Each structure stands twice: as C-alpha cells, then as structure tokens.
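Given next are the chains, with one letter for each unit.
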Amino acid sequence: MLRIKRVYDKPAKEDGGRVLVDRLWPRGIKKEAAKINLWMKEVAPSDALRKAFCHDVDKWPEFQKKYRAELKDKNELLAELKKVEKDRGTLTLLFGAKDEEHNQAVVLAEVLKEK
C-alpha cells in the first residue's frame, strides 16, 4: 500500500515505512519527532525545478511533466522505494509542503503506482 502524508502530521503504526522525499529538511521539526525511516532527498525534484515551481498551482502541470522526466533517470531509487513498500507492507511518502494536492510526493506516488 502506498500513502502520502505531511511530515508534520502525527506518525501512526499504519504508516509502515516512512520516507521523507523532500530535498530540504522541513522547518521546525526534530528528526526524532518525525519518526522517519529514510530521508531520500535524491528522489526529490532538483533544486532548479523546486525553485521554479515555488508551490505555484498555475505551474503545477509543467512541474509534473518536468519532475516525471527527472524521475526517469532514478530507477534505482524508485526500486528502493518499492522495496520499502514490499518489506513494510505500506510505504508512506512524507513531504513538508502545506499544499497536500500539489507537491512532489503526489507525482512520485503516481509514478510508483505505474511501475
């Protein structure tokens, strides 16, 4: 099972493997409190793409397209995420953005579901 959750939301047993998929550590949260199993910043969007998107909903379609293109070169990381899902039963992709519908974890989850 694949889930998406804000890193600021309370950790739960049913989260399974909790993987942070942000390039930057989220503000105001301690590593112990986040209960993260893995921080996979390499699978996050490039700095250039992240800065260009800047969480602007109008740029969402272009962001999705460019991030999917970046993910095509990250098959090893995608395989590692699929392994976490298989081993833990559930993979929860964690992100720090306030917008729960327009962020890299949404795109990443779609890509993982397609594999």
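What counts and how
- Residues numbered from 1 in each chain as written.
- Predicted model: local features only at pLDDT ≥ 70, side-chain atom pairs only at ≥ 80, totals over all residues.
- Heavy atoms only, no water.
- Helix = DSSP H or I, 4+ residues; strand = E, 2+ residues; numbered from the N terminus.
- Buried < 20%, exposed > 50% of the residue type's maximum accessible area, 1.4 Å probe, protein only.
- Contact = heavy atoms within 4.5 Å.
- Areas by Shrake-Rupley, 256 points an atom, 1.4 Å probe, with all protein chains shown as cover.
- Lys, Arg positive; Asp, Glu negative; His and termini not counted.
- Charge placed at Lys NZ, Arg CZ, Asp CG, Glu CD.
- Pairing = 2+ DSSP bridges.
- Salt bridge = Lys/Arg side-chain N within 4 Å of Asp/Glu carboxyl O.

Visitor: Lay out the overall build of the protein with the relevant residues and their values.
Guide: Each helix and strand counted, the protein has 5 helices and 4 strands in total. What you see in the protein, going N to C, is helices and strands ordered as β-β-α-β-α-α-α-β-α. Overall, the C-alpha framework of the protein stretches about 35 × 35 × 20 Å when taken along its three principal axes. Going through the 115 residues of the protein one by one, you find that 43% of them count as buried. Considering only residue pairs separated by 6 or more positions, the protein has 61% of its internal contacts joining residues 24 or more positions apart. Only carbon and sulfur atoms are counted for the fraction: they give 51% of the accessible area of the protein, which is about 7000 Å². Of note, the protein has its 27 positive side-chain charges centred 4 Å away from the centre of its 21 negative side-chain charges.

Visitor: Go over the sheet that holds strand β3 (residues 38-39), please, and point to the residues and values.
Guide: As summarised here, the arrangement of the 4 strands in space is β1-β4-β2-β3, forming an open sheet in which the pairing is parallel. Of all strands in the sheet, those with a lone pairing partner are β1 (2-6) and β3, marking the two edges. Relative to β3, strand β2 (residues 17-20) is paired through 2 bridges, and the arrangement is parallel. Counterpart to Val19 in the pairing with β3 is Leu38.

Visitor: Tell me what's going on with the pattern of salt bridges, and back it up with residues and numbers.
Guide: By the definition in use, this model includes 10 salt bridges. With its nearest N and O atoms 3.3 Å apart, the salt bridge here joins Asp15 to Arg3. In this pair, Asp15 is assigned in the loop between β1 and β2 and Arg3 in strand β1, connecting sequence segments 12 residues apart. Look at Asp15 and you get buried, because its relative accessible area is 0%. Overall, the relative accessible area of 27% leaves Arg3 in the partly exposed class. The partner of Asp47 in a salt bridge is Arg23, and the shortest N-O contact between them spans 3.9 Å. With Asp47 in helix α2 (residues 47-53) and Arg23 in the loop between β2 and α1 (31-34), this residue pair connects regions lying 24 residues apart in the sequence. Owing to a relative accessible area of 25%, Arg23 belongs among the partly exposed residues under this scheme.

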